[in-house]
Amino acid sequence: MTSTLRRIIDCFSDCSGCKTCKGNARQDMLNMNQDTNCAPMLTQGVRLHIQDRYVVMDNGIVQVSLSKPGGIVTGIRYNGIDNLLEVRNKETNRGYWDLHWNEIGGKGIFDVIQGTSYRVIVENEEQVEISFTRTWNHSLEGKYIPLNIDKRFIMLRGSSGFYSYAIYEHFREWPGFELGETRITFKLRKDKFQYMAVADNRQRYMPFPDDRSNGRGIPLAYPEAVLLVNPLDQRLTGEYSCENKDLRVHGWICFDPPVGFWQITPSDEFRSGGPLKQNLSSHVGPTTLAMFLSSHYAGKYMVPQFEAGEPWKKVFGPIFMYFNSAAYGNDPLLLWEDAKIKMMVEVQSWPYSFPASEDFPKSEQRGNANGRILIQDRYISNDCVIASGAYVGLAPPGDAGSWQMESKNYQFWTQANENGFFSIRNIRPGDYNLYAWVPGFIGDYRHEAVITIISGCNIEMGDVIYEPPRDGPTLWEIGIPDRSAAEFYVPDPDPKYINRLFVNHTDRFRQYGLWERYTELYPEGDLVYKIGVSDYRKDWFFAQVVRKIGDNAYQGTTWKIKFELDNVDRNGIYKLRVALASATLAELQVRVNDPNSNRPLFTTGLIGRDNAIARLGIHGIYKLYNVDIPGTRFVKGENTIFLKQPRCNSPFQGFMYDYIRLEGPPTPC
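Keep in mind it's a predicted model, so treat the numbers as computed, not measured.

**Q** How would you summarise the side chain of Thr 74 if you had to cite specific residues and measurements?
**A** The topology assignment puts Thr 74 in strand β4 (residues 73–78). If sequence neighbours within four positions are ignored, Thr 74 has contacts with Tyr 54, Ser 65, Leu 66, Ser 67, Asn 83, Leu 85, Glu 91 and Arg 94.

Have a look at this one:
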């Protein structure tokens, strides 16, 4: 990091609610064609204007208008633009918290959360915090989700933006329900915000909402997908998601005037599914989302069910809505660089000290856990191996890997350094298991003992030893055990569907219709992979999908792995390890040397609702299957393992492999 950027970060750290600014940093940002908004911070505190139907937070940099008592963000005034939100939408369809829920066994209900009362929690020159609440009682049963919901909005002195968080609470005596999704949504002005940025290599002009209409777009295989044939912006002829661990900042840029609208999520602790859970970020609208809980890329496993008699409370957020600007004539894309810097400051400031709710514990009320993680696998080394880059986290007690589907409570994750040391900071008090997974090794680790975090504790765990699943020596392997199918062969897209952003891109799998290419590439027969000859980067299709045989007609597929055995231990048990990166209403059947046997040696049965194939993802829920193969099934010389996926009612049924390994029988120590 350059000294200039370091000074800018220091400045922004000061600007997050403090009273002073380092002059050098302000000049540095001006030199980078951007506006630090430091000058207004020195002259005006935060003001709260209460009107009949609205309440307005104003710190001289940003004005945010909210409906009263609903707590809907109706307007954001910034940098001379009267409203950054879509003024042609109804006020209830601009900036809001929403959720999708159902009574247990009932139909889904979409709900834009409207408060029924409001109160001022904090009001002074340094900070304003407002609460909009909706309380539940039995007269509302069937109409509203049985939760008390308290939406909070915070504005700080000198801050170019505002914060929002919410507290959801279910009491023991209330009925049960399922919560499929909850989020914050902001719908921006489509005449202003047309350029979206999610990452350094994922930025582009986006279509207009009108481009989805008849005459401009042709519907494709699912509602979200439209082929643009006559877009308003002709450069676009031809949904963005991100893993939690990478979903820190995203947003939109307006070029006239140069203004950025950014959503910053400084922590994953309140998001479901752990660091690998994929969530939506932005989409055509222009719309920006703060997703807290959803079933995207995971399916019904991620929908929490709350029983009658089950008390529950959770704080979602705070997240930060950040706005920045550049002078006319300067490069507006530098606003993205500034947003990343601001994101780093917010991450370093977590947990925030300013939220007024007692349900949000401050740093001194939290605990820490430290240790080192090592790998023990005698078929690799007689000594323990350092688990460099391991993902280590605390999540509610459960089975190994259960954190993937955990969606009711909090999780805290970090990544071990090159020496295997990890430090998990600022953990909420509670009971947890320690979980881990290590790139390059299969399976999930879970520490057996429950870890209790109390305020101010610092737990030293010492060396944590993970023994990955292993019975015998590796005979052969396909892929890389990293919980993703990204290393396998991803074909070029059909030219009529091509998204130019992802041409020659590390995320080349994010192209529509790749599942259809399988039938084109294998018109006569299914994939055959020869150990020692084939290369998984070129010869293993990224997803085992169905074969299209006519209009809306498909058939299952059977892939073959051919390999030689010089010797066979007919009394031994071989082990086939199959790690799946994703599965969608699919079944994996394993047969050995007899493709026509009535009963497979192994079957998963029907598994998975990830839908990663259709959603242009490269992984969903990780699953590991361990198949015992008696030595009597093998022969000396050439052998074949058949991997069959027979389910074929839609084009999206199938799975993605993460890694496959065949182990020989155990050998003496």
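**Q** Report on the environment of Glu 173, specifying residues and quantitative values.
**A** With respect to the secondary-structure elements, Glu 173 resides in the loop between β10 (161–170) and β11 (177–187). You can call Glu 173 exposed: its relative accessible area is 56%. Along the chain, Glu 173 and His 138 lie 35 residues apart, while their C-alpha atoms are 9.9 Å from each other.

**Q** Would you mind going over the nonpolar core in detail, with residue names and values included?
**A** Grouped together as the largest cluster of nonpolar side chains are 99 residues, with contacts concentrated most on Met 57, Tyr 168, Phe 261 and Leu 434. Ranked by residues supplied to this core, first place goes to strand β22 (residues 312–325) with eight residues. Viewed by domain, this core spans two of them, domain 1 (42–349) and domain 2 (363–466), each represented by three or more residues. Tyr 518, Trp 540, Phe 542 and Ala 543 belong to the second largest nonpolar core, which has 50 residues in total.

**Q** Could you give an account of the pattern of salt bridges, with specific residues and numbers?
**A** The tally for this structure, following the rule as stated, stands at 34 salt bridges. Arg 152 serves as the salt-bridge partner of Asp 150, at 3.0 Å between the closest nitrogen and oxygen. A residue is classified by how much of its surface remains accessible, and Asp 150, at 11% relative accessible area, is buried. With a shortest N-O distance of 2.7 Å, Asp 444 and Arg 483 are connected by a salt bridge. Separated by 39 residues along the polypeptide, Asp 444 in the loop between β28 (430–437) and β29 (445–446) and Arg 483 in the loop between β32 (474–479) and α5 (517–521) bring together distant segments of the chain.

**Q** For the pairing of strand β25 (residues 391–395), give the residues involved together with the corresponding values.
**A** With five of five residues buried, β25 lies mostly within the body of the structure. Here β25 shows a buried face lined by Tyr 391, Gly 393 and Ala 395 and a second buried face lined by Val 392 and Leu 394. As paired strands, β25 and strand β26 (residues 412–415) are joined by four bridges and run antiparallel to one another. Across the sheet, Gly 393 pairs through a bridge with Trp 413, a residue of β26.

**Q** Residues and numbers for the sheet that holds strand β43 (residues 637–645), please.
**A** The sheet built from five strands is open, its strands ordered β33-β37-β43-β39-β40 with mixed pairing. One side of each edge strand has no neighbouring strand; the edge strands of this open sheet are β33 (528–530) and β40 (602–603). The pairing of strand β37 (residues 557–565) with β43 spans nine bridges and is classified as antiparallel. Of the residues in β43, the one forming a bridge with Thr 557 is Gln 645.

**Q** Any chance you could break down the confidence of the model for the chain for me, citing the residues and the numbers?
**A** The predicted model of the chain averages 87 in pLDDT, with 83% of residues at 70 or higher. Throughout residues 225–239 the model reports pLDDT below 50, and contacts reaching past four residues in sequence, or to other chains, amount to 53 contacts.

**Q** Provide a residue-level description of unusual backbone geometry, including the pertinent values.
**A** In terms of backbone geometry, most residues other than glycine have negative phi values and most peptide bonds are trans. With an omega dihedral of 10 degrees, the bond running from Lys 68 to Pro 69 counts as a cis peptide bond. As for its position among the elements, Pro 69 is in the loop between β3 (62–67) and β4. With an omega of 5 degrees, the peptide bond between Gly 317 and Pro 318 qualifies as cis. Summarising the element assignment, Pro 318 is placed in strand β22. Positive phi, normally seen in glycine, also occurs at Asn 79, with a value near 55 degrees. On the basis of relative accessibility, which here comes to 36%, the residue Asn 79 falls in the partly exposed class.

**Q** So what about helix α4 (residues 334–348)? Which residues, and what values?
**A** Given 3.6 residues per helical turn, the α-helix brings residues three or four places apart onto the same face. Along its 15 residues, α4 runs 22 Å from first to last C-alpha, staying within 8% of the 21 Å computed at 1.5 Å per residue. Within α4 the residues assigned to the buried category are Leu 335, Trp 336, Asp 338, Ala 339, Lys 340, Ile 341, Lys 342, Met 343, Val 345 and Glu 346.

**Q** Just give me the short version of the environment of Pro 146, but keep the residues and values in it.
**A** Here Pro 146 is to be found in the loop between β8 (127–134) and β9 (148–156). The spacing of Pro 146 and Glu 103 is 43 residues in sequence and 9.2 Å in space, taken between C-alpha atoms. Excluding anything up to four places from it in sequence, Pro 146 contacts Trp 101, Trp 136, Glu 169, His 170, Trp 174, Pro 175, Gly 176 and Phe 177.

**Q** For the packing of aromatic side chains, give the residues involved together with the corresponding values.
**A** This structure, assessed with the given rule, holds 49 aromatic pairs. Consider the rings of Phe 132 and Phe 153, whose centres lie 5.8 Å apart with planes at 75 degrees: the pair is edge-to-face. Of the two residues, Phe 132 sits in strand β8 while Phe 153 sits in strand β9, which places them 21 residues apart along the sequence. Of the two residues examined, Phe 132 and Phe 153, each falls in the buried class. A centroid spacing of 5.3 Å and a plane angle of 80 degrees characterise the contact between Trp 350 and Phe 360, whose relative ring orientation is edge-to-face. Of this pair, Trp 350 sits in the loop between α4 and β23 (367–375) while Phe 360 sits in the loop between α4 and β23, and the two are 10 residues apart along the sequence.

**Q** How would you sum up the environment of Ala 339? Please name residues and give values.
**A** Structurally, Ala 339 can be placed in helix α4. Taking the C-alpha atoms as reference, Ala 339 lies 8.4 Å from His 250; in sequence the two are 89 residues apart. The contact partners of Ala 339, leaving out residues within four places of it in the chain, are Val 249, Trp 262, Ile 264, Tyr 322 and Asn 324.

**Q** Account for the pairing of β8, naming residues and giving values.
**A** For β8, the buried fraction is high: eight of the eight residues fall into the buried class. Note: strand β7 (residues 117–123) against β8, six bridges, orientation antiparallel. Among the inter-strand pairings, Val 122 is bridged to a residue of β8, identified as Glu 129. Hairpin remark: β7 followed by β8, antiparallel, with three residues in the connecting loop. Across eight bridges, β8 lies against β9 in antiparallel orientation.

Rules used in this analysis
Residues numbered from 1 in each chain as written. Predicted model: local features only at pLDDT ≥ 70, side-chain atom pairs only at ≥ 80, totals over all residues. Heavy atoms only, no water. Helix = DSSP H or I, 4+ residues; strand = E, 2+ residues; numbered from the N terminus. Contact = heavy atoms within 4.5 Å. Buried < 20%, exposed > 50% of the residue type's maximum accessible area, 1.4 Å probe, protein only. Core = buried A, V, L, I, M, F, W, Y, C linked by side-chain atoms within 4.5 Å. Domains from an automatic or database assignment. Salt bridge = Lys/Arg side-chain N within 4 Å of Asp/Glu carboxyl O. Pairing = 2+ DSSP bridges. pLDDT = per-residue confidence, 0-100. Expected span 1.5 Å × (residues − 1). Phe/Tyr/Trp six-rings, centres within 6.5 Å; stacked < 30°, edge-to-face > 60°.

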